[in-house]
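# Residue-level structure breakdown
One-letter residues, chain by chain:
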Amino acid sequence: MQRVVSVVAHLGFRLQALPPALCRPLSCAQTKIFGSDRVKLMESLVVGDIAELRPNQGTLSLFTNEAGGILDDLIVTNTSEGHLYVVSNAGCWEKDLALMQDKVRELQNQGRDVGLEVLDNALLALQGPTAAQVLQASVADDLKKLPFMTSAVMEVFGVSGCRVTRCGYTGEDGVEISVPAAEAVHLATALLKNPEVKLAGLAARDSLRLEAGLCLYGNDIDEHTTPVEGSLSWTLGKRRRAAMDFPGAKVIVPQLKGKVQRRRVGLMCEGAPMRAHSPILNMEGTKIGTVTSGCPSPSLKKNVAMGYVPCEYSRPGTMLLVEVRRKQQMAVVSKMPFVSTNYYTLK
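It should be emphasised that the depicted structure is a prediction, and the values quoted were computed from it without experimental measurement.

As a further point, take the domain arrangement of the chain. For the chain, the assigned domains are domain 1 (5-194) and domain 2 (261-336). A straight line from the C-alpha centre of domain 1 to that of domain 2 covers 32 Å.

The structure is reproduced here in C-alpha coordinates:
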(Lines give C-alpha, C1' and ligand atoms only; values in the text may rest on other atoms or scores of the structure.)
Protein backbone atom coordinates (compact mmCIF):
# COMPACT_ATOMS: atom_id res chain seq x y z
CA MET A 1 0.00 0.00 0.00
CA GLN A 2 1.24 3.50 -0.80
CA ARG A 3 2.75 5.49 2.08
CA VAL A 4 0.94 8.77 2.56
CA VAL A 5 1.58 11.62 4.98
CA SER A 6 -0.74 14.48 5.85
CA VAL A 7 0.98 17.84 6.28
CA VAL A 8 -0.90 21.02 7.16
CA ALA A 9 0.30 24.61 6.79
CA HIS A 10 -1.01 25.58 10.19
CA LEU A 11 -0.30 29.29 10.72
CA GLY A 12 -3.45 31.33 10.19
CA PHE A 13 -5.59 28.20 10.01
CA ARG A 14 -9.13 28.58 11.24
CA LEU A 15 -8.51 25.97 13.93
CA GLN A 16 -6.19 27.91 16.22
CA ALA A 17 -7.54 25.82 19.11
CA LEU A 18 -5.75 22.72 17.80
CA PRO A 19 -2.38 21.71 19.24
CA PRO A 20 0.48 22.64 16.89
CA ALA A 21 1.65 19.08 16.23
CA LEU A 22 -0.65 16.23 15.27
CA CYS A 23 0.39 13.22 13.19
CA ARG A 24 -1.69 10.60 11.37
CA PRO A 25 -1.20 9.07 7.88
CA LEU A 26 -3.82 9.84 5.21
CA SER A 27 -4.41 7.04 2.69
CA CYS A 28 -5.28 7.29 -0.98
CA ALA A 29 -4.77 5.08 -4.03
CA GLN A 30 -3.49 6.55 -7.30
CA THR A 31 -4.10 5.15 -10.77
CA LYS A 32 -3.37 6.17 -14.34
CA ILE A 33 -5.90 5.38 -17.10
CA PHE A 34 -4.46 5.71 -20.61
CA GLY A 35 -5.40 5.04 -24.24
CA SER A 36 -7.75 6.77 -26.66
CA ASP A 37 -10.80 5.19 -24.97
CA ARG A 38 -9.83 6.25 -21.43
CA VAL A 39 -12.79 8.64 -21.11
CA LYS A 40 -15.19 5.96 -22.32
CA LEU A 41 -13.89 3.62 -19.63
CA MET A 42 -14.16 6.15 -16.83
CA GLU A 43 -17.62 7.36 -17.84
CA SER A 44 -18.84 3.74 -17.83
CA LEU A 45 -18.06 3.66 -14.10
CA VAL A 46 -18.70 7.16 -12.69
CA VAL A 47 -21.49 9.75 -12.73
CA GLY A 48 -19.39 12.76 -13.77
CA ASP A 49 -18.82 14.37 -17.17
CA ILE A 50 -15.19 13.43 -17.71
CA ALA A 51 -15.21 14.35 -21.41
CA GLU A 52 -15.80 18.03 -20.61
CA LEU A 53 -12.75 18.38 -18.34
CA ARG A 54 -10.14 20.78 -19.66
CA PRO A 55 -6.47 19.75 -19.69
CA ASN A 56 -5.24 19.38 -16.09
CA GLN A 57 -8.71 19.98 -14.67
CA GLY A 58 -10.12 17.53 -12.14
CA THR A 59 -13.50 16.78 -10.61
CA LEU A 60 -14.90 14.90 -7.66
CA SER A 61 -16.98 11.99 -8.89
CA LEU A 62 -18.59 8.78 -7.68
CA PHE A 63 -18.37 5.11 -8.61
CA THR A 64 -21.95 3.82 -8.53
CA ASN A 65 -23.61 0.41 -8.84
CA GLU A 66 -26.69 -0.53 -10.82
CA ALA A 67 -28.88 0.03 -7.75
CA GLY A 68 -27.67 3.65 -7.61
CA GLY A 69 -25.50 3.11 -4.55
CA ILE A 70 -22.14 4.83 -4.12
CA LEU A 71 -19.19 2.40 -4.28
CA ASP A 72 -16.61 5.11 -3.58
CA ASP A 73 -15.84 8.77 -4.13
CA LEU A 74 -12.81 9.74 -6.18
CA ILE A 75 -11.08 12.58 -8.02
CA VAL A 76 -10.53 12.24 -11.77
CA THR A 77 -8.10 14.62 -13.52
CA ASN A 78 -7.75 14.94 -17.28
CA THR A 79 -3.99 15.44 -17.52
CA SER A 80 -2.24 17.27 -20.35
CA GLU A 81 0.04 14.23 -20.63
CA GLY A 82 -2.73 12.22 -22.28
CA HIS A 83 -4.03 10.10 -19.41
CA LEU A 84 -6.57 10.28 -16.60
CA TYR A 85 -5.16 10.55 -13.09
CA VAL A 86 -7.46 8.90 -10.55
CA VAL A 87 -7.24 9.27 -6.75
CA SER A 88 -9.57 7.08 -4.68
CA ASN A 89 -9.82 5.89 -1.08
CA ALA A 90 -7.26 3.32 0.03
CA GLY A 91 -9.93 1.71 2.19
CA CYS A 92 -11.83 0.85 -1.01
CA TRP A 93 -8.71 0.09 -3.02
CA GLU A 94 -9.27 -3.61 -3.70
CA LYS A 95 -12.84 -3.20 -4.93
CA ASP A 96 -12.01 0.00 -6.87
CA LEU A 97 -9.07 -1.65 -8.63
CA ALA A 98 -11.11 -4.76 -9.45
CA LEU A 99 -13.90 -2.55 -10.81
CA MET A 100 -11.53 -0.66 -13.10
CA GLN A 101 -9.54 -3.73 -14.17
CA ASP A 102 -12.70 -5.65 -15.07
CA LYS A 103 -13.88 -2.76 -17.23
CA VAL A 104 -10.45 -2.46 -18.88
CA ARG A 105 -10.55 -6.15 -19.83
CA GLU A 106 -14.12 -5.81 -21.09
CA LEU A 107 -13.25 -2.89 -23.35
CA GLN A 108 -10.01 -4.45 -24.52
CA ASN A 109 -11.95 -7.55 -25.54
CA GLN A 110 -14.09 -5.23 -27.67
CA GLY A 111 -10.97 -3.92 -29.37
CA ARG A 112 -10.88 -0.65 -27.42
CA ASP A 113 -7.65 1.23 -26.72
CA VAL A 114 -7.43 1.51 -22.97
CA GLY A 115 -5.08 0.50 -20.16
CA LEU A 116 -4.48 0.94 -16.44
CA GLU A 117 -1.37 1.53 -14.38
CA VAL A 118 -1.15 1.60 -10.58
CA LEU A 119 1.17 4.39 -9.48
CA ASP A 120 3.77 3.72 -6.79
CA ASN A 121 3.34 7.24 -5.43
CA ALA A 122 2.69 8.76 -2.04
CA LEU A 123 0.35 11.71 -1.52
CA LEU A 124 1.29 14.64 0.71
CA ALA A 125 -1.53 17.04 1.64
CA LEU A 126 -0.40 20.58 2.43
CA GLN A 127 -3.45 22.50 3.64
CA GLY A 128 -4.27 25.93 5.06
CA PRO A 129 -4.12 29.64 4.16
CA THR A 130 -0.31 29.66 3.93
CA ALA A 131 -0.01 26.38 1.99
CA ALA A 132 0.63 27.94 -1.43
CA GLN A 133 3.03 30.49 0.04
CA VAL A 134 5.03 27.72 1.72
CA LEU A 135 5.16 25.57 -1.40
CA GLN A 136 5.96 28.44 -3.76
CA ALA A 137 9.49 28.72 -2.37
CA SER A 138 10.23 25.16 -3.55
CA VAL A 139 8.79 25.26 -7.09
CA ALA A 140 9.46 27.27 -10.23
CA ASP A 141 5.82 27.25 -11.40
CA ASP A 142 3.60 30.18 -10.42
CA LEU A 143 1.03 28.69 -8.04
CA LYS A 144 -1.16 31.78 -8.44
CA LYS A 145 -2.05 30.36 -11.86
CA LEU A 146 -3.17 27.05 -10.34
CA PRO A 147 -6.82 27.39 -9.22
CA PHE A 148 -8.93 24.93 -7.27
CA MET A 149 -9.21 21.45 -8.84
CA THR A 150 -6.42 21.95 -11.37
CA SER A 151 -2.99 20.36 -11.37
CA ALA A 152 0.46 20.53 -12.93
CA VAL A 153 3.57 18.36 -12.95
CA MET A 154 6.58 20.14 -11.47
CA GLU A 155 9.77 19.73 -9.47
CA VAL A 156 9.24 20.15 -5.72
CA PHE A 157 12.24 20.54 -3.41
CA GLY A 158 14.39 18.98 -6.11
CA VAL A 159 12.08 15.99 -6.64
CA SER A 160 11.06 15.82 -10.29
CA GLY A 161 7.80 14.40 -11.62
CA CYS A 162 5.57 15.57 -8.76
CA ARG A 163 1.93 16.29 -9.60
CA VAL A 164 0.65 19.23 -7.57
CA THR A 165 -3.15 19.53 -7.40
CA ARG A 166 -4.92 22.55 -5.86
CA CYS A 167 -7.34 20.62 -3.69
CA GLY A 168 -7.73 18.91 -0.34
CA TYR A 169 -10.41 17.70 2.03
CA THR A 170 -10.42 20.48 4.60
CA GLY A 171 -12.51 23.26 3.03
CA GLU A 172 -9.39 25.44 3.05
CA ASP A 173 -6.92 26.39 0.33
CA GLY A 174 -4.19 23.83 -0.15
CA VAL A 175 -2.52 21.30 -2.40
CA GLU A 176 -2.03 17.57 -2.65
CA ILE A 177 1.38 16.52 -3.94
CA SER A 178 1.73 13.15 -5.67
CA VAL A 179 5.36 12.14 -5.23
CA PRO A 180 7.32 8.95 -6.01
CA ALA A 181 7.07 6.84 -2.85
CA ALA A 182 10.84 6.67 -2.42
CA GLU A 183 10.97 10.48 -2.15
CA ALA A 184 8.00 10.97 0.19
CA VAL A 185 10.00 11.16 3.42
CA HIS A 186 12.49 13.60 1.84
CA LEU A 187 9.67 15.85 0.65
CA ALA A 188 7.77 15.74 3.94
CA THR A 189 10.97 16.49 5.86
CA ALA A 190 11.72 19.45 3.60
CA LEU A 191 8.23 20.86 4.13
CA LEU A 192 8.46 20.47 7.88
CA LYS A 193 11.63 22.55 8.01
CA ASN A 194 9.38 25.56 7.45
CA PRO A 195 8.17 26.74 10.89
CA GLU A 196 4.70 27.40 9.47
CA VAL A 197 4.19 23.70 8.66
CA LYS A 198 3.01 21.25 11.30
CA LEU A 199 2.02 17.61 11.06
CA ALA A 200 -1.73 17.21 11.48
CA GLY A 201 -3.61 14.07 12.35
CA LEU A 202 -6.94 12.49 11.60
CA ALA A 203 -8.80 14.46 14.26
CA ALA A 204 -7.81 17.75 12.61
CA ARG A 205 -8.73 16.50 9.14
CA ASP A 206 -12.04 15.08 10.36
CA SER A 207 -13.18 18.26 12.13
CA LEU A 208 -12.17 20.34 9.11
CA ARG A 209 -13.97 18.21 6.55
CA LEU A 210 -17.05 18.02 8.77
CA GLU A 211 -17.16 21.81 9.19
CA ALA A 212 -16.90 22.00 5.39
CA GLY A 213 -19.81 19.58 4.96
CA LEU A 214 -17.68 16.96 3.19
CA CYS A 215 -18.59 13.27 3.30
CA LEU A 216 -16.44 10.47 4.63
CA TYR A 217 -16.94 7.26 2.67
CA GLY A 218 -18.16 4.43 4.85
CA ASN A 219 -19.68 6.88 7.35
CA ASP A 220 -21.78 9.40 5.43
CA ILE A 221 -22.09 7.60 2.09
CA ASP A 222 -21.88 3.94 1.07
CA GLU A 223 -23.20 1.45 -1.46
CA HIS A 224 -26.68 1.73 0.04
CA THR A 225 -26.77 5.53 -0.44
CA THR A 226 -27.57 7.22 -3.76
CA PRO A 227 -26.01 10.55 -4.77
CA VAL A 228 -29.37 12.29 -4.39
CA GLU A 229 -29.94 10.90 -0.89
CA GLY A 230 -26.39 11.94 0.00
CA SER A 231 -26.99 15.53 -1.21
CA LEU A 232 -24.39 14.98 -3.93
CA SER A 233 -26.58 15.60 -6.97
CA TRP A 234 -24.08 18.26 -8.12
CA THR A 235 -21.63 15.47 -9.02
CA LEU A 236 -23.99 14.27 -11.77
CA GLY A 237 -22.89 15.75 -15.10
CA LYS A 238 -25.69 17.49 -17.02
CA ARG A 239 -24.92 15.53 -20.18
CA ARG A 240 -24.76 12.30 -18.20
CA ARG A 241 -28.17 12.97 -16.63
CA ALA A 242 -29.70 13.44 -20.07
CA ALA A 243 -28.02 10.36 -21.54
CA MET A 244 -28.68 8.21 -18.44
CA ASP A 245 -25.59 6.21 -19.35
CA PHE A 246 -23.90 5.69 -15.98
CA PRO A 247 -24.39 2.80 -13.52
CA GLY A 248 -27.60 3.23 -11.54
CA ALA A 249 -28.93 6.03 -13.75
CA LYS A 250 -32.40 4.45 -13.92
CA VAL A 251 -32.62 4.79 -10.13
CA ILE A 252 -30.71 8.05 -9.61
CA VAL A 253 -32.05 10.31 -12.38
CA PRO A 254 -35.76 9.90 -11.44
CA GLN A 255 -34.82 10.84 -7.86
CA LEU A 256 -33.67 14.26 -9.10
CA LYS A 257 -37.24 15.17 -10.03
CA GLY A 258 -39.12 12.95 -7.63
CA LYS A 259 -38.97 12.44 -3.90
CA VAL A 260 -36.43 10.35 -2.06
CA GLN A 261 -37.25 8.83 1.29
CA ARG A 262 -34.28 10.35 3.11
CA ARG A 263 -31.56 12.97 2.74
CA ARG A 264 -28.23 13.79 4.30
CA VAL A 265 -28.52 16.93 6.41
CA GLY A 266 -26.36 19.02 8.69
CA LEU A 267 -27.19 19.25 12.39
CA MET A 268 -26.05 21.67 15.09
CA CYS A 269 -26.53 21.46 18.84
CA GLU A 270 -25.07 22.56 22.15
CA GLY A 271 -24.28 20.29 25.06
CA ALA A 272 -22.73 16.86 24.54
CA PRO A 273 -21.34 16.32 21.02
CA MET A 274 -23.27 14.19 18.58
CA ARG A 275 -21.39 11.12 17.35
CA ALA A 276 -21.84 8.52 14.62
CA HIS A 277 -24.76 6.15 15.31
CA SER A 278 -26.53 8.60 17.64
CA PRO A 279 -30.30 8.25 17.04
CA ILE A 280 -32.15 11.23 15.53
CA LEU A 281 -35.73 11.68 16.75
CA ASN A 282 -38.62 13.96 15.88
CA MET A 283 -40.04 16.25 18.53
CA GLU A 284 -42.49 13.53 19.55
CA GLY A 285 -39.57 11.24 20.42
CA THR A 286 -39.90 8.83 17.51
CA LYS A 287 -36.63 7.72 15.92
CA ILE A 288 -36.45 8.98 12.34
CA GLY A 289 -32.77 8.71 11.47
CA THR A 290 -29.15 8.28 12.54
CA VAL A 291 -26.10 10.52 12.85
CA THR A 292 -23.29 9.41 10.51
CA SER A 293 -20.52 11.83 11.57
CA GLY A 294 -20.24 14.32 14.39
CA CYS A 295 -17.77 16.29 16.49
CA PRO A 296 -17.33 19.58 18.32
CA SER A 297 -16.60 22.45 15.92
CA PRO A 298 -13.52 24.39 17.11
CA SER A 299 -14.48 27.24 14.77
CA LEU A 300 -18.10 27.62 15.86
CA LYS A 301 -17.80 26.46 19.47
CA LYS A 302 -20.84 24.30 18.86
CA ASN A 303 -21.38 20.67 17.98
CA VAL A 304 -21.88 19.77 14.32
CA ALA A 305 -22.95 16.55 12.67
CA MET A 306 -24.34 14.95 9.57
CA GLY A 307 -27.09 12.38 9.41
CA TYR A 308 -30.00 11.04 7.40
CA VAL A 309 -33.62 11.98 8.01
CA PRO A 310 -36.85 11.66 6.02
CA CYS A 311 -37.32 14.45 3.47
CA GLU A 312 -40.09 16.10 5.47
CA TYR A 313 -37.55 16.79 8.26
CA SER A 314 -34.72 18.00 6.00
CA ARG A 315 -35.58 21.71 5.76
CA PRO A 316 -32.98 23.98 7.45
CA GLY A 317 -34.33 25.32 10.73
CA THR A 318 -36.28 22.15 11.54
CA MET A 319 -35.99 21.31 15.23
CA LEU A 320 -35.21 17.70 16.11
CA LEU A 321 -33.91 15.65 19.03
CA VAL A 322 -30.67 13.68 19.15
CA GLU A 323 -30.02 10.97 21.70
CA VAL A 324 -26.54 11.31 23.19
CA ARG A 325 -25.46 9.08 26.08
CA ARG A 326 -29.07 7.97 26.51
CA LYS A 327 -30.23 11.56 26.96
CA GLN A 328 -32.25 13.55 24.46
CA GLN A 329 -31.09 17.04 23.47
CA MET A 330 -32.28 19.62 20.98
CA ALA A 331 -30.68 19.86 17.53
CA VAL A 332 -31.47 22.01 14.49
CA VAL A 333 -31.16 21.08 10.84
CA SER A 334 -28.53 23.42 9.39
CA LYS A 335 -27.20 24.34 5.98
CA MET A 336 -23.81 23.01 4.97
CA PRO A 337 -21.01 23.90 4.89
CA PHE A 338 -21.17 24.90 8.53
CA VAL A 339 -18.07 27.05 7.96
CA SER A 340 -17.57 28.84 4.63
CA THR A 341 -14.97 27.22 2.39
CA ASN A 342 -11.85 29.08 1.26
CA TYR A 343 -10.95 27.37 -2.01
CA TYR A 344 -8.58 29.31 -4.27
CA THR A 345 -10.11 30.53 -7.52
CA LEU A 346 -8.90 33.06 -10.05
CA LYS A 347 -11.95 35.29 -9.51
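Bringing the packing of aromatic side chains into the picture now. Summed over the entire model, instances satisfying the criterion amount to one aromatic pair. Both rings, one in Phe148 and one in Tyr343, keep their centres 4.1 Å apart while their planes meet at 15°; by these two values the pair is stacked. Pair noted here: Phe148 is in the loop between α3 (131-136) and β8 (151-156) and Tyr343 is in the segment after β17 (327-334), with a separation of 195 residues, a long-range link. A relative accessible area of 28% means that Phe148 is categorised as partly exposed.

For the α-helix, the turn length of 3.6 residues means that residues three or four positions removed from each other point alike. Of all ten residues that make up helix α5 (residues 202-211), seven are buried, and the element is covered over most of its length. Taken together, the buried positions of α5 are occupied by Ala204, Arg205, Ser207, Leu208, Arg209, Leu210 and Glu211. Against β14 (287-297) and β15 (302-310) lie the buried residues of α5. Where α5 terminates, the next one or two residues include Gly213, which has phi positive at roughly 75°.

Relative to the helices and strands, Leu119 is located in the loop between β6 (115-118) and β7 (121-127). The spacing of Leu119 and Leu74 is 45 residues in sequence and 15 Å in space, taken between C-alpha atoms.

As a further point, take the pairing of strand β3 (residues 57-64). A large share of β3 lies buried, amounting to six of its eight residues. As defined by bridge partners, β3 adjoins strand β4 (residues 70-78) across eight bridges and the pair is classed as antiparallel. Across the sheet, the residue bridging to Leu62 is Asp73, located in β4. Connecting β3 to the next strand, β4, in antiparallel fashion are five residues, including Gly68 with a positive phi near 90°.

Quick look at the UniProt feature "binding site: substrate" (unreviewed entry) in the chain now. Per the UniProt record, "binding site: substrate" (unreviewed entry) is found at Glu176. Positionally, Glu176 belongs in strand β10 (residues 174-180). Beyond its immediate stretch of four places on either side in the chain, Glu176 contacts Leu123, Leu124, Ala125, Arg163, Val164, Thr165, Cys167, Gly168 and Tyr169.

Before going further, it helps to spend a moment on the nonpolar core. Ranked by size, the top nonpolar core spans 24 residues in total, and within it Leu126, Leu135, Val156, Val164, Ile177 and Val179 carry the most contacts. If sequence neighbours within four positions are ignored, Ile177 has contacts with Ala122, Leu123, Leu124, Leu135, Cys162, Arg163, Val164, Leu187 and Leu191. If you look at the next biggest cluster of nonpolar residues, it comprises 20 residues, including Ala29, Val46, Val76 and Val114.

Tracing the sequence through the fold places Leu214 in the loop between α5 and α6 (238-243). Measuring from C-alpha to C-alpha, the distance between Leu214 and Leu232 comes to 10.0 Å, with 18 residues separating the pair along the chain. Not counting chain neighbours up to four residues away, the residues in contact with Leu214 comprise Tyr169, Thr170, Gly171, Arg209, Asp220, Met306 and Tyr343.

Glancing now at a nonpolar patch on the surface. On the surface, Met283, Met319 and Met330 cluster together into a nonpolar patch covering about 270 Å² of accessible area. For Met330, the position within the fold is in strand β17. A residue is classified by how much of its surface remains accessible, and Met330, at 41% relative accessible area, is partly exposed.

Before going further, it helps to examine the UniProt feature "domain: Aminomethyltransferase C-terminal" (unreviewed entry) in the chain. Cross-referencing UniProt, the feature "domain: Aminomethyltransferase C-terminal" (unreviewed entry) maps to residues 262-339 in the present numbering. What you have in residues 262-339 is 0% helix and 58% strand, and the ends, taken at the C-alpha atoms, are 24 Å apart.

Let's shift gears to the sheet that holds strand β5 (residues 83-89). The antiparallel open sheet is built from five strands, whose spatial order is β3-β4-β5-β2-β6. Pairing within the sheet leaves two strands with one partner each, and these edge strands are β3 and β6. When the angles between neighbouring strand axes are averaged without regard to direction, this sheet yields 30°. The pairing of β4 with β5 spans five bridges and is antiparallel. Considered in β5, the bridge of Asn78 is made with Leu84. On the sheet, helix α2 (residues 93-109) packs against β2 (28-34), β3, β4, β5 and β6 and is oriented at approximately 155° with respect to β6.

So, about the state of the cysteines. The final tally for this structure, using the stated rule, is zero disulfides. Residue Cys311 stays outside any disulfide, its sulfur separated by 16 Å from that of Cys215, the closest cysteine. For Cys311, a relative accessible area of 15% puts it in the buried group.

About the cut-offs
- Residues numbered from 1 in each chain as written.
- Predicted model: local features only at pLDDT ≥ 70, side-chain atom pairs only at ≥ 80, totals over all residues.
- Heavy atoms only, no water.
- Domains from an automatic or database assignment.
- Phe/Tyr/Trp six-rings, centres within 6.5 Å; stacked < 30°, edge-to-face > 60°.
- Helix = DSSP H or I, 4+ residues; strand = E, 2+ residues; numbered from the N terminus.
- Buried < 20%, exposed > 50% of the residue type's maximum accessible area, 1.4 Å probe, protein only.
- Contact = heavy atoms within 4.5 Å.
- Pairing = 2+ DSSP bridges.
- UniProt positions renumbered as here; feature names shortened; annotations may be inferred.
- Core = buried A, V, L, I, M, F, W, Y, C linked by side-chain atoms within 4.5 Å.
- Patch = residues over 30% accessible without salt bridge, like charges linked within 9 Å, V, L, I, M, F, W, Y side chains within 5 Å.
- Areas by Shrake-Rupley, 256 points an atom, 1.4 Å probe, with all protein chains shown as cover.
- Salt bridge = Lys/Arg side-chain N within 4 Å of Asp/Glu carboxyl O.
- Axes fitted to C-alpha atoms, helices over the stretch in contact; angles between N-to-C directions.
- Disulfide = S-S within 2.5 Å.

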